[in-house]
Amino acid sequence: MKTKVLMVCLGNICRSPLAEGVLKSKVDSNTVLVDSSGTAGYHVGNPPDKRSVAVAKKHGIDISTQKCRQFSKNDFEKFDLIYAMDESNFINILSLANTKKDEKKVRLLLDELDLGFNEVPDPYYGGVDGFEEVYQMINSACEAIVKKLN
Ligand code: 4NP
């Protein structure tokens, strides 16, 4: 059985598409399925933000063909692990959980690390440097996830 992992942020155009691309680049797609979504529906159907596409490309990952979608209650059925990028996403996802089993699937991505903070900052309104910082945090967290999955 494949392990199914969902990365979730607010818009599904900056952070979670990067997290999807980074984790996919580190796992065998025969054993781990990775997807992403956003708690908000502002950008549904759109590709990721150009700045996320660029930072991913710089690190050898193509996320340009991803399409934004909104998180839905059905995702609790489809996924084993649901990683929120920040506390606000975490709370919004939990508010849609129906059971204790659903709740147990939800984690903060940076809780995989010991950084002294646990939110991937929203880079949407900032500059390009913010996207590289976000990439580095996501990359380290995904390395930790891969170690756990193996
Ligand atoms: P994301 O960033 O949650 O990392 O995709 C954002 C993207 C869009 C908006 C906010 C955050 N927005 O307000 O449109």
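The preceding data block contains the structure.
These numbers were taken from a predicted model, which means no experiment stands behind them.

### Here we look at the site of the ligand
In the vicinity of the ligand, the contacting residues are Cys 9, Leu 10, Gly 11, Asn 12, Ile 13, Cys 14, Arg 15, Tyr 42, His 43, Asp 122, Tyr 124 and Tyr 125. When the ligand is considered free in solution it has 350 Å² of accessible area, and contact with the protein chains removes 92% of it. Using a 2 Å cut-off from the grid points, one finds that the ligand occupies the largest pocket. Split by residue class, the shell around the ligand holds seven nonpolar, three polar and two charged.

### Concerning the layout of surface pockets
Estimated volume of the largest pocket: approximately 160 Å³. As for the largest pocket, its lining consists of Cys 9, Leu 10, Gly 11, Asn 12, Ile 13, Cys 14, Arg 15, Tyr 42, His 43, Asp 122, Tyr 124 and Tyr 125. Looking at the lining of the largest pocket residue by residue, the class counts come to seven nonpolar, three polar and two charged.

The rules behind these values
- Residues numbered from 1 in each chain as written.
- Predicted model: local features only at pLDDT ≥ 70, side-chain atom pairs only at ≥ 80, totals over all residues.
- Heavy atoms only, no water.
- Near = heavy atom within 4 Å.
- Areas by Shrake-Rupley, 256 points an atom, 1.4 Å probe, with all protein chains shown as cover.
- 1 Å grid on protein atoms, 1.4 Å probe; cavity = no way out; pocket = protein on both sides within 12 Å on 5 of 7 lines; lining within 4 Å.
- Sits in = over half its atoms within 2 Å of the grid points.
- Nonpolar A, V, L, I, M, F, W, Y, C, P; charged D, E, K, R; others polar.
- Points joined across faces, edges and corners; volume = space filled by probe spheres on them.

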